[in-house]
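Okay, here's what each chain looks like letter by letter:
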Amino acid sequence: MEANPAPAPDSEQAWLEAAQTFIHETLCPAGSSPDVQLTQSVIDCVKTTWLSQGKNQGFPLPLSYSFVSVQDLKTHQNLPCCSHLSWSSSAYQAWAQEAGPNGTPLPRERLLLLGTLTDLSGDLEQESRKGDLYVKDNTGVLTCELIDLDLSWLGHLFLFPSWSYLPPARWNSSGEGHLELLSAPVPVCPSTTSPGPPSPLPVLYPETASRLLRHRGKLRGVQPNLAGKLVRVSALVRSQKKAHFVLSLGGGSSPAGSHVSIVVQIPAQLVWHRALWPGRSYVLTALRVVRIRGHCYRVWTTSPSSHLLPLKPECVRELELELDGPLLEADPAPLPTPSSSQDGDREPALIRHSTLLSYTGKVTGVLSQPAGLYEVDGQLALCLAYQQFHSLRKVVRPGVSLELQDVHLLQSVGGGTRRPVLAPCLHGAILLRGFSCQKPENQSFYQAQGASLFEQLVWERQLGLPLYLWATRALEELACKLCPHMLRHHQLLQHSSPGNPSLGLQLLAPVLDVLAPPGSTRRNAHKEILEEPHHCPLQKYTRLQTPCSFPTLTTLKEEGRCRAWAAFDPKTLLPLPESSHLTSCQLNQRVSWSWLSLLPATSHPAQILIGVLAASSHKGCLQLRDKSGSLPCLILAKHCQPITDSRFIGCLVRTEKFQLVIERNVRSNFPSYKELNMTGFIQKQQARVYIQFFLADALILPVPRPLLHSATSLTPQAEPTLPDGPHIEQSRLFLLSHKEALMKRNFCVPPGANPEVPKPILSFCVSGSWLGGTQRKEGTAWGPPEPKGDENKDQKVLLVFRGSSVRWFEFLHPGYVYRLVAPGPPTPLLFEEGGPSCIPQRALELAGCASCLTVQDEWTLELESGPDFPAGPDTSKALPKTSLDDLLSGNSSDSLVSFSAEILSRTLCDPLPAPFWAKPGGTRTSRASVKLTVAVEAADCQSRPHLDIYIKEPHLPPPLGLLPGARVYFSQLEKKISRCHNIYCCFRPSTYLQVLSFPPETTISAPLPHIFLAELLQGGRAPFQASASCHIVSVFSLQLLWVCAHCTSLCPQGRCTRQGSTCPTQTSVSQASIRLLVEDGTAEAVVTCRNHHVATALGLCPSEWTSLLESVRGPGKVALQFTGPGAQPESSAKVDEPLTLFLRTLCTSFSVLRPVVLSFELERKPSTVTPLEPPRLQRFQCGELTLLTRVNPKIRLSCLSIQEPKHPSSLGAFSLSC
Ligand SMILES: [Zn+2]
Ligand SMILES: [Zn+2]
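Note that this is a predicted model, so its numbers are computed, not measured. (Residues numbered from 1 in each chain as written. Chains lettered and ligands numbered in written order. Predicted model: local features only at pLDDT ≥ 70, side-chain atom pairs only at ≥ 80, totals over all residues. Heavy atoms only, no water.)

Engineer: Residues and numbers for the overall build of the protein chain, please.
Structural biologist: When helices and strands are tallied, the protein chain shows 25 helices and 61 strands. Within the span of the protein chain, comprising 1218 residues, buried residues form 49% of the whole. Partitioning the intrachain contacts of the protein chain with sequence separation of at least 6 by distance along the chain shows that 73% fall at a separation of at least 24. For the protein chain, the accessible area works out to roughly 57,200 Å², and carbon and sulfur atoms hold 54% of it. (Helix = DSSP H or I, 4+ residues; strand = E, 2+ residues; numbered from the N terminus. Buried < 20%, exposed > 50% of the residue type's maximum accessible area, 1.4 Å probe, protein only. Contact = heavy atoms within 4.5 Å. Areas by Shrake-Rupley, 256 points an atom, 1.4 Å probe, with all protein chains shown as cover.)

Below, the structure is given as structure tokens:
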């Protein structure tokens, strides 16, 4: 652009004409006739400046430049730009080089800007003076920044030879651009230099001035002048009422620290703040002394007639004052600062002191503009938040040089901030020392959000710097997690006001309330600036331990998955010695399912769960969602209470108490326990991750409504009734009596639909009864129910939920009243007709329902609670339970049972391979099932009978939360009786289950009840597992064998004996069992011990047990039968073999027949199917006497463990009987 073609002479004329018009319109007083003199002065001034650059291509006029008015800049200049009339292109190139490789220099425009420099924003006097600087012409006014202001410039017309213009961000329509004046303005009309004062000005020097403050009356009527070197300028503090700043003058010769502070608060003098330059000397005229309200000391302040002048030694003389009068008061003692006295004790260890220093550096990065965080010189952080830095916010960007006076340096503040932080308080000033040549980064709308919330954190919540830095980062993290899909940035980061709290602040509040309790004292600007010693929020700090983190749901899920697999160890799942006796099949089955619960406190820093609650219309489950993804969750309103209120959908949930559950499914082919540590035998592994928590532990924040409609990614359902405006809706109440399982079901094809073979679809049904007729919305309330034709008609109804209405599944529970709401104009009989009936009439009759209604996708459900309907049933009464007698009876006519139970164990049953979470449409041939062993809770009985519950296809995978330790209410399970008369239960399509409580976070294994064996004769009332002190009376049988780990055939000499054996490995495992007779003086019992318990029963130590088993390896099997006292044992082996002999001797010796503490469970699941035999009479021969006595039948027990009694007195009944 520098190489312009030679302009025709008439273009020079055109330029001059345009200049004249511009000057007349823009610079001359409005309404006046053209000012020839002004026009000439302007053109001369432009010419001189233009020629000063030296290379003017031979043109006397800058023809390529055009005049621009303030208004033109504001309206037409939408991009940042700069203009340098006096610069050659090489000067511009050199300047632009400073932008560096990553920055973009401001593009150069050819514009001529003229205007008056002023500190008045409008035509109003005084009130509008806030210390800001403006460029003004007839068309408007623009704020500007200037590095070295000469106060004499104010009010004069200037040509600005070098400047940058930065328009407001594109999204900020109400914002204003600003000018950065890069070089000193050129006066259009050279000012007539005012001659100095005729006689030297009488001045006071700082030392005298500060002594004068302590003398009353000396200065009455006199307004002295003060002279000295500027040692410090405070920040310009603006409050609602007025603004002020403080400057300190020191004497060149006076000792360090001897300085005097002068408060400047006259609006017209606030602009001095831009003219003051520390290190230079000034004279301030016409000062007076005032006492600051609320403080005990007096300070110098300016009067309206004060002036700020540069100090010229030849123009001043020291004012002689006699200061021999009495002192007004002693130096005010420094006030004890309240905080230092409070934490005096713990101060040395925890509290650090920041360093006060001055620093000059260049801004190299923007960390967070709304939070006032920048990077300086590539390695320091700069936090401007503890000053009011509104005007600086526009200027500060990479490339800007700053001088920071009396700035605090805080090192290792913690909380995730690694670099040292520079932070100025009100005491020190941030002085602009160089503008940036860089174009500001294109700032998106959301990047600029939150400025007023961040200010609130500092000025209202009074957060210390470490916590402020953490909070700003946490808010950014939250914004990344939730915005803009779940929330808009402005919703998360809006300014908090009493009626309209900021969501972001609410999410942080529980943490901030602990670390910085609200209600601390506000900052006092006067104290912060004036008080000696200095006291401010940045002075002392404690290193912050990062209080918590807000991981995204995907991070949480992945972390959980990783930790669960890292912790997966088959050897810990199956510890020795138990595992050494398991066959391959048993081993792999036991490894196939396991679970892990991770608590937030186990990670550092503690994790806080945040997400938007949603109900999946595809899966029917509840989910937490954030931008990264979703995580299924199982939520209880509180202990034993399900979640029923659908208004929680769409709410923001925050909780610190939750369990991250990882269910591990492993398909493996471990040949035997020896290979358990070899991961190569794991064929497939999969994890199911979900979250469990109580709503009562969570913070639930409703998200402002209008958003939900725009956020299409969120729950697609229509929202419940909106509070504003009339809505056409109708509704009907119903009481839910039973809910069926959520599973894939076949439905009849509605007439007119595609008649192809219907695929089973995910659905569920609930049965209940209508409460009253249909109601219409009247205003914001529901009108009266429509009268029914026949009040006595059966009101029972079956509601079918399929398609996207499965999302209501988790909210529907028996015993609660719900309102079914249909949007749209009133449709007669909308809730009456079944529509196209989807359930065969016969099934409806069986269900006892008169009608069947399919819930439409757009219908909604609300929990109805009010004075007429209590918010829910009393759970203990409402959940129907089968009595224990009915549950355990063999009566099969009543085969549906309901009960609450604690899950004791969960295993995957045959056949392997284990089922993997079904992929829709996937073909799976294996028909595995999940077995839950539960302890049934019965109100009327102490004992908790154990039952097995089987879950098979199509109920797999099992619902969330069926974990060992959890308490669950099962309704309408099918009761079955096994061939050996054990009772077990199976899931049915009508089965309803409700998790009552999650597994306890810490498992405290309660000791088994210690009982007398006779207590077991009470049948079903007896505890299922217990311990007893008893005596081993005799051994009935003993069997030791080696079997093939693969096919369980006998393995003599370690070789599988199966016909045509194709067993992949020749691994054999030992198995053992022993049957003992024990008694404790109250009753006798036959106890079966297996595998490693046999070793304890025989009183053998591990090495003895191993060598015993090794000696059986040859024959493969040793079995001994002891047919009674004194009888010869029968044996599979030859009687006289040493091994048999040894075992026979051992089993009859006192090392086996001894007192023990036996833990056991009933060998058979309790049932009343086979009633206990009554006691029978038995004849005994005792010497010559024949005794006839009533003998109870023998109790059959399985051994859980055998322990040696600690001391004789613990033998219970046995010791009593002696
Ligand atoms: Zn400070
Ligand atoms: Zn085999």
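Right, picking up where we left off after that structure.
Engineer: Can you lay out the pattern of salt bridges for me, pointing to particular residues and giving the numbers?
Structural biologist: Taken as a whole and assessed by the stated rule, the structure comprises 27 salt bridges. Taking the shortest distance from any N to any O, the salt bridge between glutamate 663 and arginine 688 comes out at 3.4 Å. Placement of the pair is glutamate 663 in strand β36 (residues 659-668) and arginine 688 in strand β37 (residues 682-694), with a sequence separation of 25 residues. Salt-bridge contacts for glutamate 740 lead to arginine 745; the nearest nitrogen and oxygen are separated by 3.5 Å. Exposure remark for glutamate 740: the relative accessible area of 22% places this residue in the partly exposed category. Owing to a relative accessible area of 11%, arginine 745 belongs among the buried residues under this scheme. Shared partners join several salt bridges into a network, and the residues in it are Asp132, Glu145, Arg238 and Arg274. (Salt bridge = Lys/Arg side-chain N within 4 Å of Asp/Glu carboxyl O.)

Engineer: Break down empty space enclosed by the protein for me, citing the residues and quoting the values.
Structural biologist: Inspection of every chain in the model, using the stated rule, returns four cavities of 30 Å³ or more. Empty space within the largest cavity amounts to approximately 450 Å³. In this structure, the largest cavity is lined by 24 residues; those nearest its centre are His273, Arg274, Ser391, Leu392 and Ile430. When its residues are assigned to classes, the lining of the largest cavity shows twelve nonpolar, seven polar and five charged. (1 Å grid on protein atoms, 1.4 Å probe; cavity = no way out; pocket = protein on both sides within 12 Å on 5 of 7 lines; lining within 4 Å. Points joined across faces, edges and corners; volume = space filled by probe spheres on them. Nonpolar A, V, L, I, M, F, W, Y, C, P; charged D, E, K, R; others polar.)

Engineer: Can you explain the coordination of the zinc ion (ligand 1)? Please cite residues and give values.
Structural biologist: Protein coordination at the zinc ion (ligand 1): the donors are His408 (NE2), Cys425 (SG), His534 (NE2) and Cys536 (SG), at 2.0 to 2.2 Å from the metal. Considering all four donor atoms around the zinc ion (ligand 1), the spread of angles at the metal, 98 to 116°, places the coordination shape in the tetrahedral class. In primary sequence terms, the donor set of the zinc ion (ligand 1) follows H-x16-C-x108-H-x1-C. Taken together, the residues cysteine 425 in the loop between β25 (421-423) and β26 (430-434) and histidine 534 in the loop between α14 (525-530) and β27 (540-542) connect sequence positions 109 residues apart. Neither residue differs from the other here; cysteine 425 and histidine 534 are each classed as buried. (Donors = N, O, S within 2.8 Å, 3.2 Å for Na, K, Ca; no water. Tetrahedral: all angles 85-135°; square planar, octahedral: opposite > 155°, others 65-115°.)

Engineer: Could you give me a rundown of the pairing of strand β31 (residues 609-615), with the residues and numbers involved?
Structural biologist: Counting buried positions over the seven residues of β31 gives seven, a clear majority of the element. Alignment of β31 against strand β35 (residues 652-655), held across four bridges, turns out to be antiparallel. In the sheet register, leucine 609 faces β35, and the bridge partner there is threonine 655. Between β31 and strand β32 (residues 622-626), which pair antiparallel in sequence order, lie six residues; one of them, glycine 620, sits at a positive phi of approximately 80°. (Pairing = 2+ DSSP bridges.)

Engineer: Explain the packing of aromatic side chains to me, using residue names and the numbers behind them.
Structural biologist: Per the stated rule, a full pass over the model turns up 21 aromatic pairs. A ring pair is formed by phenylalanine 22 and phenylalanine 67, whose centres lie 5.0 Å apart and whose planes are at 25°; its orientation type is stacked. With phenylalanine 22 in helix α1 (residues 9-26) and phenylalanine 67 in strand β1 (residues 66-68), the pair connects residues that are 45 residues apart, well separated along the chain. Note on phenylalanine 67: relative accessible area 14%, which makes it buried. Between tryptophan 153 and phenylalanine 158, the aromatic rings sit 6.1 Å apart at their centres with planes inclined by 70°, giving edge-to-face as the arrangement. Neither residue differs from the other here; tryptophan 153 and phenylalanine 158 are each classed as buried. A connected cluster of aromatic rings, assembled from ring pairs, spans Phe734, Trp770, Tyr816 and Tyr818. The ring of tryptophan 277 carries the charged tip of arginine 433 above its face, separated from the ring centre by 3.6 Å. Seen from the ring of tryptophan 459, arginine 523 lies directly overhead, with NZ or CZ sitting 4.3 Å from the centre. (Phe/Tyr/Trp six-rings, centres within 6.5 Å; stacked < 30°, edge-to-face > 60°. Lys NZ or Arg CZ within 6 Å of the ring centre and 35° of its normal.)

Engineer: So, the packing of helix α10 (residues 451-459) against helix α11 (residues 465-482): which residues are in play, and what are the values?
Structural biologist: Think of two packed helices as two axes; the pair is described by the angle between the axes and how far apart they sit. Put simply, α10 and α11 touch, their axes get as near as 11 Å, and they point 155° apart. Comparing their axes, α11 and α10 come out roughly antiparallel. Where α10 crosses over α11, the handedness of that crossing is right-handed. Every residue of α11 that contacts α10 at Leu453, Phe454, Leu457 and Val458 is listed here: Tyr468, Ala471, Thr472 and Leu475. Residues of the contact of α10 with α11, tallied by class, amount to seven nonpolar, one polar and no charged. (Axes fitted to C-alpha atoms, helices over the stretch in contact; angles between N-to-C directions. Parallel < 35°, antiparallel > 145°, perpendicular 65-115°, else oblique. Left-handed = near helix turned anticlockwise from the far one by under 90°.)

Engineer: Now, about a positive patch on the surface: what can you tell me, with residues and values included?
Structural biologist: On the surface, Arg352, Arg418, Arg473 and Arg543 cluster together to form a positively charged patch. The exposed category is assigned to arginine 418, whose relative accessible area is 76%. (Patch = residues over 30% accessible without salt bridge, like charges linked within 9 Å, V, L, I, M, F, W, Y side chains within 5 Å. Lys, Arg positive; Asp, Glu negative; His and termini not counted. Charge placed at Lys NZ, Arg CZ, Asp CG, Glu CD.)

Engineer: Could you give me a rundown of helix α13 (residues 503-515), with the residues and numbers involved?
Structural biologist: For α13, which comprises 13 residues, the first-to-last C-alpha distance of 19 Å matches the rise-based estimate of 18 Å (1.5 Å per residue) to within 8%. Sitting at the head of α13, serine 502 places a side-chain oxygen 3.2 Å from the backbone nitrogen of glycine 504. (Expected span 1.5 Å × (residues − 1). Polar contact = N/O pair within 3.5 Å; in protein donor to acceptor, adjacent residues only side chain to side chain.)

Engineer: Go over a nonpolar patch on the surface, please, and point to the residues and values.
Structural biologist: On the surface, Phe1180, Leu1185 and Leu1187 cluster together into a nonpolar patch covering about 280 Å² of accessible area. You can see leucine 1187 is positioned in strand β60 (residues 1185-1191). Here leucine 1187 falls in the partly exposed class, since its relative accessible area comes to 43%.

Engineer: Give me the packing of helix α23 (residues 1102-1113) against helix α24 (residues 1138-1147): which residues, what numbers.
Structural biologist: In contact at an axis separation of 11 Å, α23 and α24 are set at 140° when each is read in the N-to-C sense. Put simply, α23 runs oblique to α24. The way α23 lies across α24 gives a crossing that is left-handed. Packed against α23, whose contacting residues are Leu1108, Ser1111 and Val1112, the element α24 presents Leu1139, Phe1142 and Leu1143 at the interface.

Engineer: Which residues make up the confidence of the model for the protein chain, and what values do they have?
Structural biologist: Confidence in the prediction of the protein chain, expressed as mean pLDDT, is 82, and 82% of residues score 70 or more. Confidence over residues 912-925 falls short of pLDDT 50; this stretch has 29 contacts with residues more than four positions distant or in other chains. Confidence drops under a pLDDT of 50 for residues 1209-1218, and excluding neighbours within four residues, the segment shows 16 contacts in the predicted structure. (pLDDT = per-residue confidence, 0-100.)

Engineer: For the environment of valine 1086, give the residues involved together with the corresponding values.
Structural biologist: With respect to the secondary-structure elements, valine 1086 resides in strand β55 (residues 1084-1090). For the pair valine 1086 and leucine 1197, spaced 111 residues apart in sequence, the C-alpha to C-alpha distance is 6.0 Å. With near-sequence residues (within four places) excluded, valine 1086 lies in contact with Phe1036, Arg1075, Leu1076, Leu1077, Lys1194, Ile1195, Arg1196 and Leu1197.

Engineer: Can you lay out the nonpolar core for me, pointing to particular residues and giving the numbers?
Structural biologist: Residues Phe693, Phe734, Leu799, Leu812 and Leu820 are the most contacted members of the largest nonpolar core, which totals 57 residues. Sorting elements by how many residues they give to this core places β37 first, with five residues. With sequence-adjacent residues up to four places away left out, leucine 812 is seen in contact with Phe734, Leu736, Lys739, Phe764, Val766, Phe801, Tyr818 and Leu861. Counting 51 residues, the second largest nonpolar core, distinct from the first, contains Leu453, Leu467, Leu512 and Leu538. (Core = buried A, V, L, I, M, F, W, Y, C linked by side-chain atoms within 4.5 Å.)

Engineer: Tell me about the side chain of glutamate 663, and name the residues and values.
Structural biologist: By relative accessible area, which is 0% here, glutamate 663 ends up buried. Polar contacts involving the side chain of glutamate 663 include one to the side chain of tryptophan 593, which spans 3.5 Å.

Engineer: An account of the pairing of strand β61 (residues 1195-1203) is requested, with residue identities and associated values reported.
Structural biologist: Both β55 and β61 contribute to a ladder of four bridges, which runs parallel. Within the sheet, the bridge partner assigned to threonine 1088 lies in β61 and is serine 1198. Here strand β58 (residues 1155-1162) pairs with β61 via six bridges, running antiparallel. Looking at β61, one finds that leucine 1162 is bridged to leucine 1197.

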